[in-house]
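# Geometric and topological summary
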Amino acid sequence: MTQCALSRPLAVSMWCGAMLSLALLCACSIRGGRRQTATPPQTILCPPPTSTTAPSTAPASPAERPAQPNPYLQLLQGDENLRQGNPEEWGEAGSRLVGRTFDPVYFDEGSIDLDAVAKRRLNEHAAWLSQNQRVWITLVGHTDAQSTLEYGYNIGMARALAARNFLIGQGLDPLRIYPSSTGQDMLAFAFEAHENEPQAHQVEVLGFIAPPGYDAPRANASTPDPAPETEEPSATPSGSDIPRL
Amino acid sequence: MINRCSLSPLRPLGRSLCLLALALVLALTHTAAAQESDLIVRAGEGTSKFVIAVPAFASTAPGGLTETALGDIIANDLRLSGHFAEPRNKMFVNETEQQDRAAGQIQFEKWRSLDVSYLVKGTFTVSGDEIKAEVRTYDTISRDYVFGRSYEGFKTNEVRQMAHRISNELIERLTGFPGVANTEILYVLQNDRYGKSKQVMRVDADGFNPRAITPQGELTATPAWGSNGTEVYYTTYRDYNPDLAGYMLQRKHSWWVSRKTGLNISPDWNEKVQRIALTLTKDGNSEIYTITREGKEATRLTVNPAIDSSPSWSPDGSQIAFTSDRTGAPQIYVMDVKSKGARRLTYEGNYADGAAWSPAGADRIAYAARVGGKFQIFVINADGTGARQLTSGSHDNEDPTWAPNGRVLAFTSTRTGKKQIHLLHADSGEVWPLTTGEAAHSPSWSPAYP
């Protein structure tokens, strides 16, 4: 198992220990029924340390904000065997945000560029997410059956990354935005549709409520962290049961 | 001159056909055999094919098992090889065979009247759980006994493997080209209507015996054969990310090959350099990398803001064909692995993807290109010359993969209404269905098996 390879004060070590226990508990409870023969390397997600001192001034724009090195991100980039966790992996530790859905971001056929409508929509999402720090999102890119299957996975991911880069530019922490793509797959309304399905050229935005301790560093540290708008739902079934429409 | 008797460990049946064969060879000019010392015929070039008949095998153990599927399986393998045509009516084959048995000799003129050029006659014996067979091939034009082989060491539940072995040897002996009857094809089977559950499957090259490698309930993609043909690599969304898994077929042991953030898809293994080429998006967009089968030593090969994807190694491991949309739309490029310099390969149509480098024979690359709004399978020489369209029609044909003899392709087509795997003979353009049933796509053909 990969331990937090950080030399930190005792409080954070205790956080690591607590998260480790929680992760193990959750892993045993939700994974037991789906035990696979694969033994993937255990990734223990240790939270970044909560900042004890707020920055002296709130930055005016993303460009002016001083680059705060995120130790968790550094850890990810240093160890090529780790990958950033998809919020869906939290299972019961985190949970799918059901009280609020995010409108998908649409693209022109064959395009990975964000048009004005897409940017406006992403700005709305960014604004809401910056007020709800405990919500993390997965972006799932798609395309329709006009492309080849393999290229479809790639263009779906390119769209998700374009949306992600835009959100990061608006100040969101990269850790809270997980990029994914299933290309032509898993978009139920479009899968059996005619080849030319304009609505399939989209990036889905799926929200998840982070488990305690996963709070991301705030873009504006002086603003108190408000409670998320939605209630926390009771334990949701595993990811594949939730409809993605 | 070929001394046909010395090629076979068997004594021909009936009269001393051996002496007769020698006399005939001396007297006649067998055009094809005069070319090469060890070949019997050059069959299957272009669209002309020899008709070959494989009647049902006869049991030599009275009272024991009287029927076996060996003849049918072999006949099917020979047809799928693209080198041979079936006799027009199967019923006449069995009828003529019965007449031969009744007469106690081969009535070559009757076989000729069916246009049959080569006749394969087999006998088999079952004792306990073991089956043995003897297979003799005759040339109906020269009325020659050509060669024979005996086979043993197979169990009765291995009849298909035995038949494929016999077919491969027949094909090699008669045409000089290696047969692929004992190879397998991986593909992805769609379990539901929404593309949420897809299983990686393996199937014999004749379409029989499909078996699942992954469980239902996962989304899987882009399977590929791996090291030694004993393991496979495939992408699975089991942990909510397109991660690359490895699976050993015998030991049934799986492991994670690559789990970077984002895509870990489109693996292609090269046995020579012992590395997997694949597409990763971990550095910001789709690029080509190579890694070991343990997922170590990731080497990045492409650096540009465009999508670079779907790699295919050249057989010697020095070049990789891949897809890039660096000019705006996806096209096939070829890069030198050492220098990482790339040249564009495809100019047909406005969209090309799915390059597959032939593992044997002519140095050529198959791919899918969109012409007239539909994807068609093309073949092109590795130097960029001679682009040739192989499929036609008003449905999509994509994702080609080569058989290890470099003569037949498997590909995905929607010509029957939904995605199915089909076989395509790269020289004649003939197409046969491989899968039926639920939608299937993304085929990968195994390497040759000993």
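Worth saying up front: this structure is predicted, and the values here are computed from it rather than measured. (Residues numbered from 1 in each chain as written. Chains lettered and ligands numbered in written order. Predicted model: local features only at pLDDT ≥ 70, side-chain atom pairs only at ≥ 80, totals over all residues. Heavy atoms only, no water.)

### Notes on the overall build of chain B
- Scanning chain B from N- to C-terminus turns up six helices and 30 strands.
- Buried positions account for 58% of the 450 residues belonging to chain B.
- Counting every atom, chain B has about 18100 Å² of accessible surface; 50% of that belongs to carbon and sulfur. (Helix = DSSP H or I, 4+ residues; strand = E, 2+ residues; numbered from the N terminus. Buried < 20%, exposed > 50% of the residue type's maximum accessible area, 1.4 Å probe, protein only. Areas by Shrake-Rupley, 256 points an atom, 1.4 Å probe, with all protein chains shown as cover.)

### Looking at the packing of aromatic side chains
- Counting across every chain of the model gives eleven aromatic pairs over all chains.
- Judged by centre distance (5.6 Å) and plane angle (15 degrees), the rings of B:Tyr367 and B:Phe378 are stacked. Of this pair, B:Tyr367 sits in strand β23 (residues 364-371) while B:Phe378 sits in strand β24 (residues 374-381), and the two are eleven residues apart along the sequence. Each of the two residues, B:Tyr367 as well as B:Phe378, counts as buried.
- Taken together, the aromatic side chains of A:Tyr151, B:Tyr351 and B:Phe375 make up a single cluster linked through ring pairs.
- Sitting over the ring of A:Phe208, A:Arg96 keeps its end group 5.7 Å from the ring centre.
- Cation over ring: B:Arg326 sits above B:Tyr333, and NZ or CZ is 4.9 Å from the ring centre. (Phe/Tyr/Trp six-rings, centres within 6.5 Å; stacked < 30°, edge-to-face > 60°. Lys NZ or Arg CZ within 6 Å of the ring centre and 35° of its normal.)

### Let's talk about the packing of helix α3 (residues 70-80) of chain B against helix α6 (residues 159-175) of chain B
Residue and element names in this part refer to chain B.
- Contact pair α3 / α6: the axes reach a minimum separation of 9 Å and the direction vectors enclose 45 degrees. Taken together, the axis directions place α3 and α6 in an arrangement best described as oblique. In this structure, the crossing between α3 and α6 has a hand that is right-handed. On the side of α3, the interface is formed by Leu70, Ile73, Ile74, Asp77 and Leu78, while α6 contributes Val159, Arg160, Met162, Ala163, His164, Ile166, Ser167, Leu170 and Ile171.
- In the contact of α3 with α6, the residues fall into ten nonpolar, two polar and two charged. (Axes fitted to C-alpha atoms, helices over the stretch in contact; angles between N-to-C directions. Parallel < 35°, antiparallel > 145°, perpendicular 65-115°, else oblique. Left-handed = near helix turned anticlockwise from the far one by under 90°. Contact = heavy atoms within 4.5 Å. Nonpolar A, V, L, I, M, F, W, Y, C, P; charged D, E, K, R; others polar.)

### Quick notes on the pairing of strand β12 (residues 243-248) of chain B
All names here are of chain B.
- Burial analysis of β12 places six of its six residues in the buried class, which makes it a mostly covered element.
- Burial along β12 is two-sided: Asp243, Ala245 and Tyr247 and Leu244, Gly246 and Met248, pointing in opposite directions, are all buried.
- Here strand β11 (residues 231-236) hands over to β12 after six residues, with Tyr240 in that stretch at a positive phi of 65 degrees.
- The pairing of β12 with strand β13 (residues 253-258) spans five bridges and is classified as antiparallel. Residue pairing in the sheet places Met248 in a bridge with His253 of β13.
- Between β12 and β13, which pair antiparallel and follow one another directly, the connecting turn spans four residues, one of which, Lys252, has a positive phi of 55 degrees. (Pairing = 2+ DSSP bridges.)

### So, the packing of helix α3 (residues 116-131) of chain A against helix α4 (residues 149-169) of chain A
Residues and elements named next belong to chain A.
- For the pair α3 and α4, interaxial distance at closest approach is 10 Å and the crossing angle is 55 degrees. One way to sum up the angle between α3 and α4 is to call them oblique. The element α3 and its partner α4 pack so that their crossing is right-handed. Here Lys119, Leu122, Asn123 and Ala126 of α3 lie close against α4, whose contacting residues are Ala163, Phe166 and Leu167.

### Some points on the confidence of the model for chain A
Residues and elements named next belong to chain A.
- Averaged over every residue, the pLDDT of chain A is 67; residues scoring 70 or more account for 48%.
- Confidence scores differ between elements of chain A, with helix α2 (residues 71-78) showing the lowest mean pLDDT of 53 and α4 the highest of 97.
- Below pLDDT 50 for its whole length, residues 216-245 participates in 53 contacts with residues either more than four positions away or in separate chains. (pLDDT = per-residue confidence, 0-100.)

### What to know about the environment of A:Thr138
All names here are of chain A.
- By secondary structure assignment, the location of Thr138 is in strand β3 (residues 135-142).
- Relative accessible area serves as the criterion here: at 1%, Thr138 is assigned to the buried category.
- Sequence separation of Thr138 and Leu175 is 37 residues, and the distance between their C-alpha atoms is 10 Å.
- Filtering out sequence-adjacent residues up to four positions away, Thr138 remains in contact with Asn86, Pro87, Tyr178, Ser180, Glu204, Val205, Leu206 and Phe208.
- One polar contact links Thr138 to Asn86, side chain to side chain, over a distance of 2.9 Å. (Polar contact = N/O pair within 3.5 Å; in protein donor to acceptor, adjacent residues only side chain to side chain.)

### What about the interface of chain A and chain B?
- The interface is formed by 43 residues belonging to chain A together with 51 residues belonging to chain B.
- Contact between chain A and chain B buries roughly 4000 Å² in total, counting both sides, with carbon and sulfur atoms accounting for 49%.
- For the pair chain A and chain B, the number of links is one salt bridge.
- A salt bridge links B:Lys198 to A:Asp185; the nearest nitrogen and oxygen atoms lie 2.8 Å apart.
- Counting the contacts that link chain A with chain B gives twelve residue pairs in polar contact (both at pLDDT 80 or more).
- Among the elements that take part in the side of chain A that touches chain B, α4(A) stands out by supplying nine residues, more than any other.
- Residues that form the side of chain A that touches chain B fall into these classes: 17 nonpolar, 15 polar and eleven charged. (Buried area = accessible area lost by both parts, 1.4 Å probe. Salt bridge = Lys/Arg side-chain N within 4 Å of Asp/Glu carboxyl O.)

### Considering the sheet that holds strand β27 (residues 408-413) of chain B
Residues and elements named next belong to chain B.
- The strand order across the open sheet formed by four strands is β26-β27-β28-β29, and the pairing between neighbours is antiparallel. Looking at which strands have only one partner, the edges of the open sheet turn out to be β26 (397-402) and β29 (431-433). When strand polarity is set aside, the average angle formed by the axes of neighbouring strands in this sheet is 30 degrees.
- Bridge count between strand β28 (residues 420-425) and β29: three bridges; the pairing is antiparallel. Bridge assignment links His422 to a residue of β29, and that residue is Pro433.

### Some details on the nonpolar core
- Counting residues in each nonpolar core, the largest one holds 26 residues, and the members touching the most others are B:Phe57, B:Leu70, B:Ile74, B:Leu78 and B:Met162.
- Of all the elements in the fold, those that place two or more residues in this core are α3, β4 (118-127), β5 (130-139), β6 (144-155) and α6 of chain B.
- Ranked by residue count, the leading element in this core is α6(B), at seven residues.
- Ignoring any residue separated from it by four or fewer positions in sequence, one finds B:Leu70 in contact with B:Phe57, B:Phe124, B:Ile131, B:Ala133, B:Val159, B:Met162 and B:Ala163.
- Ranked by size, the runner-up nonpolar core spans 22 residues in total, among them A:Leu97, A:Phe166, A:Ile177 and A:Val205. (Core = buried A, V, L, I, M, F, W, Y, C linked by side-chain atoms within 4.5 Å.)

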